[in-house]
Amino acid sequence: MTRLTDEQLEIRALAREFALGELRPHAEAWDAARALPEEVFRGLADIGFLGLRAPEAHGGLDLDLPTALLAVEALAWGEAAVGLSVAIHAGPVTRALLTAGTPAQQSRWLPGLADGSCLGAFALSESEAGSDVGAVALRAEAADDGWILTGEKRWVTNGVRAGLLVVFARTGAPAEADTPATEGLTAFLVEGGADGIRVVGRERTLGLCASETVTLAFEGVRLPEDARLGSVGEGWSVARDALVHGRLFVAAQALGIAQAAQEHAVRYAGEREQFGRSLDAFGGIQEKLAGMAIRIAQARALLLETAVRVDAAGLDLRGDGVSEGALHHPVSLEAAAAMAKVTASEAAMWVSDEAVQIFGGYGYMRDYPVEKLMRDAKGTEIYEGTSEVLRWVIARELVREAAGG
Ligand SMILES: Cc1cc2nc3c(=O)[nH]c(=O)nc-3n(C[C@H](O)[C@H](O)[C@H](O)COP(=O)(O)OP(=O)(O)OC[C@H]3O[C@@H](n4cnc5c(N)ncnc54)[C@H](O)[C@@H]3O)c2cc1C
């Protein structure tokens with residue numbers, strides 16, 4: 001991908017305009033208040049941005065993946081917590097419906113996701129099941145007319161506001177030593193606020209403070225049979241596919257944070273004078289600014305190249321285990337998405353850290369924007385797969401490929 005299309009330029013400009021007018025001016029106040037007002041979501045819905053990936057037939061914009069990612073990057077540039085909300089909604093939630101949903105499920109849920117009347121949440125993690133998805137313990141018991149969910153989900157982004165929760169539950173027996181622990185998981189589509197769902201607690205986070213990250217208790221939540229998303233026991237393959245998308249959306253969010261930090265740093269380095277010269281005249285500072293630009297360019301190029309490949313693979317990512325034209329190794333899409341997310345989130349962390357350093361004492365103060373960006377950046381190295389676990393995924397794919405698998 002060497003140049004952006006007219007549509008991509010248009011969507012990015014629209015997202016930037018929204019970010020500049022509707023998000024940036026309020027970011028500090030929302031962070032302090034630990035809340036995003038409802039108008040933000042109405043505004044996003046008005047410009048179609050809650051339907052970035054939903055098909056046109058269901059009221060969405062049906063954007064290709066690179067274009068949707070450019071939009072999320074620009075939103076996160078304005079306010080990273082909004083970038084995260086949209087990333088989860090348009091990323092794994094929409095994707096899970098598109099790959100595993102029946103036509104009836106898609107008709108029921110996609111129009112609401114697209115017009116913003118229904119925000120999506122992805123409820124996979126639990127207190128004892130973060131990186132280790134196989135440890136999921138929330139149970140779905142078969143009942144005469146459907147299922148009953150009992151257990152708890154932790155760190156659910158959009159959890160309170162969500163109209164739709166994609167919930168992963170254990171339907172099989174706990175894993176035996178000789179079977180993969182992710183066997184026996186099944187995905188469900190659960191209406192937000194359904195009887196038996198209780199918000200147990202709101203997390204107090206380091207960054208992304210305006211984002212709702214909550215623990216939800218499922219106390220005998222009754223679901224009809226048609227709430228099951230995909231086949232019984234195939235929950236992990238639904239989650240795994242959705243997470244490939246989710247990681248690209250988080251990478252876009254991270255890039256938005258990095259871009260904002262870089263712009264603040266360049267501006268400040270030009271304004272602030274010490275020793276009779278502006279900071280940007282010093283070699284030590286120039287090195288930092290150049291390092292920012294290099295890392296952001298690397299991350300964006302890898303992200304967009306990976307997004308093009310993921311789009312080309314369509315609904316079946318498994319079909320692209322090894323692809324002839326791939327520029328990078330390892331070549332599986334799961335590994336490529338992991339590489340893109342690690343690269344972008346580590347760029348965001350490095351760039352925002354250096355931006356705080358360039359601001360000096362002021363950078364450490366809440367009155368300036370860069371400390372928030374550094375707090376926000378840290379989250380991107382953790383959710384939707386930590387950097388350590390994603391490196392493990394990449395190495396696993398390298399080894400598999402070397403073994404001819
Ligand atoms: C702000 C925020 C929002 C979130 N939103 C959501 C959401 O919407 N939905 C959802 O389902 N979850 C969400 N999460 C949860 C997130 O996905 C998990 O926190 C993450 O997967 C890590 O799990 P854990 O916290 O249990 O850490 P652990 O898995 O306990 O890991 C702790 C440390 O050990 C390392 N580690 C673990 N296993 C290995 C290994 N095999 N090799 C090397 N190192 C390893 C990790 O990298 C990490 O450094 C969110 C988290 C945060 C912070």
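Note that this is a predicted model, so its numbers are computed, not measured.

A look at the domain arrangement of the protein chain
Per the domain assignment, the segments of the protein chain are domain 1 (6-119), domain 2 (122-233) and domain 3 (236-402). Spacing between the C-alpha centres of domain 2 and domain 3 amounts to 29 Å. Taken together, the twelve residues of domain 2 in the interface contact ten residues of domain 3. Classifying every residue of the side of domain 2 that touches domain 3 gives eight nonpolar, four polar and no charged.

A short note on the site of the ligand
The full set close to the ligand counts 21 residues, and Ser-125, Gly-130, Ser-131, Thr-386 and Glu-388 are the nearest of them. Of all the secondary-structure elements, those providing two or more residues to the shell around the ligand are strand E1 (120-123), strand E3 (146-157) and helix H11 (387-402). Of the residues assigned to the shell around the ligand, the class counts are eleven nonpolar, eight polar and two charged. In this structure, the shell around the ligand is formed jointly by two domains, domain 2 (122-233) and domain 3 (236-402), each of which donates at least three residues.

Thoughts on the environment of Asn-158
Mapping Asn-158 onto the fold places it in the loop between E3 and strand E4 (164-170). By C-beta crowding, Asn-158 is classed as buried, having 27 other C-beta atoms within 10 Å. Sequence separation between Asn-158 and His-89 is 69 residues; the distance between their C-alpha atoms is 8.4 Å. Excluding residues within four positions of it along the chain, Asn-158 makes contact with Ser-85, Ile-88, His-89, Leu-119, Gly-120, Ala-121 and Glu-212.

Reading guide: rules and limits
Position numbers for residues start from 1 in each chain and track the written sequence from start to end. The model is predicted, so local features are restricted to residues of pLDDT at least 70 and side-chain atom pairs to those at 80 or more, both for listing and for counting; the totals for chains, interfaces and linings are taken over all residues. Throughout, the edges of the domains are those of an automatic or database domain assignment. By definition, residue pairs are in contact when their C-beta atoms, positioned from the backbone, come within 7 Å. Polar here means any residue outside two lists: the nonpolar Ala, Val, Leu, Ile, Met, Phe, Trp, Tyr, Cys and Pro, and the charged Asp, Glu, Lys and Arg; Gly therefore counts as polar. Nearness here is judged by the C-beta atom: place it from the backbone, and if it falls within 6 Å of a molecule or strand, the residue counts as near that partner. Numbering of helices and strands starts at the N terminus; helices are DSSP runs of H or I of at least 4 residues and strands are runs of E of at least 2. Counting other C-beta atoms within 10 Å of its own, a residue is labelled buried from 20 upward, exposed at 12 or fewer, and partly exposed in the gap between, with every C-beta atom placed from the backbone.

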